[in-house]
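Structure assessment
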Amino acid sequence: SPSVGKGVAEVAEAVPIMPGSEVVGIEDFRGEVERVSMDPTDTFVTRVSVRPRHAGGPARLVPLESLDTSAEGLRISCSPQEFECFPEDPEGRIR
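The rules behind each value
- Residues numbered from 1 in each chain as written.
- Predicted model: local features only at pLDDT ≥ 70, side-chain atom pairs only at ≥ 80, totals over all residues.
- Heavy atoms only, no water.
- Pairing = 2+ DSSP bridges.
- Helix = DSSP H or I, 4+ residues; strand = E, 2+ residues; numbered from the N terminus.
- Core = buried A, V, L, I, M, F, W, Y, C linked by side-chain atoms within 4.5 Å.
- Buried < 20%, exposed > 50% of the residue type's maximum accessible area, 1.4 Å probe, protein only.
- Contact = heavy atoms within 4.5 Å.
- pLDDT = per-residue confidence, 0-100.
- Phe/Tyr/Trp six-rings, centres within 6.5 Å; stacked < 30°, edge-to-face > 60°.

**Details of the pairing of strand 2 (residues 30–38)**
As paired elements, strand 1 (residues 22–24) and strand 2 share three bridges and run antiparallel to each other. Its bridge partner lying in strand 2, V24 is registered against R30. The turn joining strand 1 and strand 2, which pair antiparallel and follow one another in sequence, is formed by five residues; a positive phi near 55° is taken by E27. Linkage of strand 2 to strand 3 (residues 45–52), two consecutive antiparallel strands, is achieved through a turn of six residues, within which D42 is found at a positive phi near 55°.

**As for the nonpolar core**
It is characteristic of soluble globular proteins that their nonpolar side chains tend to be buried jointly. Within the largest apolar cluster, twelve residues are counted, these being V23, F29, V33, V48, V50, V62, L67, L74, I76, C78, F83 and F86. Listed by contribution, the elements that provide at least two residues to this core are strand 3 and strand 6 (74–76). Sequence-distant contacts of F83, that is, excluding residues within four places in its chain, are made with F29, V50, P52, P58, R60, V62 and C78.

**Observations regarding the confidence of the model for the chain**
A residue-level look at the chain finds 76% of positions with pLDDT of 70 or above and a mean pLDDT of 78. Of the regions scoring below 50 in pLDDT, residues 1–12 engages in three contacts with residues more than four places distant in sequence or in other chains.

**Topic: the sheet that holds strand 6**
As summarised here, the arrangement of the six strands in space is 4-3-2-1-6-5, forming an open sheet in which the pairing is mixed. Here the strands that pair on one side only, and so sit at the sheet edges, are strand 4 (60–63) and strand 5 (67–68). Bridge count between strand 5 and strand 6: two bridges; the pairing is antiparallel. Considered in strand 6, the bridge of D68 is made with R75.

**Focus on the pairing of strand 3**
Bridge count between strand 2 and strand 3: seven bridges; the pairing is antiparallel. Directly across from M38, in strand 3, lies its bridge partner V45. As judged from the four bridges shared by strand 3 and strand 4, these two strands associate in the antiparallel manner. Counterpart to V48 in the pairing with strand 4 is V62.

**Quick notes on the packing of aromatic side chains**
The full count for this structure, using the stated rule, is two aromatic pairs. Here the aromatic rings of F29 and F83 are separated by 4.7 Å at their centres, their planes lie at 40°, and the arrangement is tilted. Residue F29 is found in the loop between strand 1 and strand 2, and its partner F83 is found in helix 1 (residues 80–83); the two are separated by 54 residues along the sequence. Assigned by exposure class, F29 and F83 land together as buried.

So, in structure tokens, the structure goes:
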């Protein structure tokens, strides 16, 4: 844990986004990171391919802004039905 000095705020540690990481949503949504899409310079993550565990189906491309990486684990504030609105990942696997 970083030390906190005068005028220095403690920053929460971000959760790494790696293939195989669990993603938890609402209404019992559970998924798994399949792959990570980077910007053209390979500097920043832009989207995360998440494969649902709840009923199978295609991996979907979730914008990074839709993921909470500062909580305990990866969280997404969507239900299984809302998850279906994200575009399918053409490079993702279907289970």
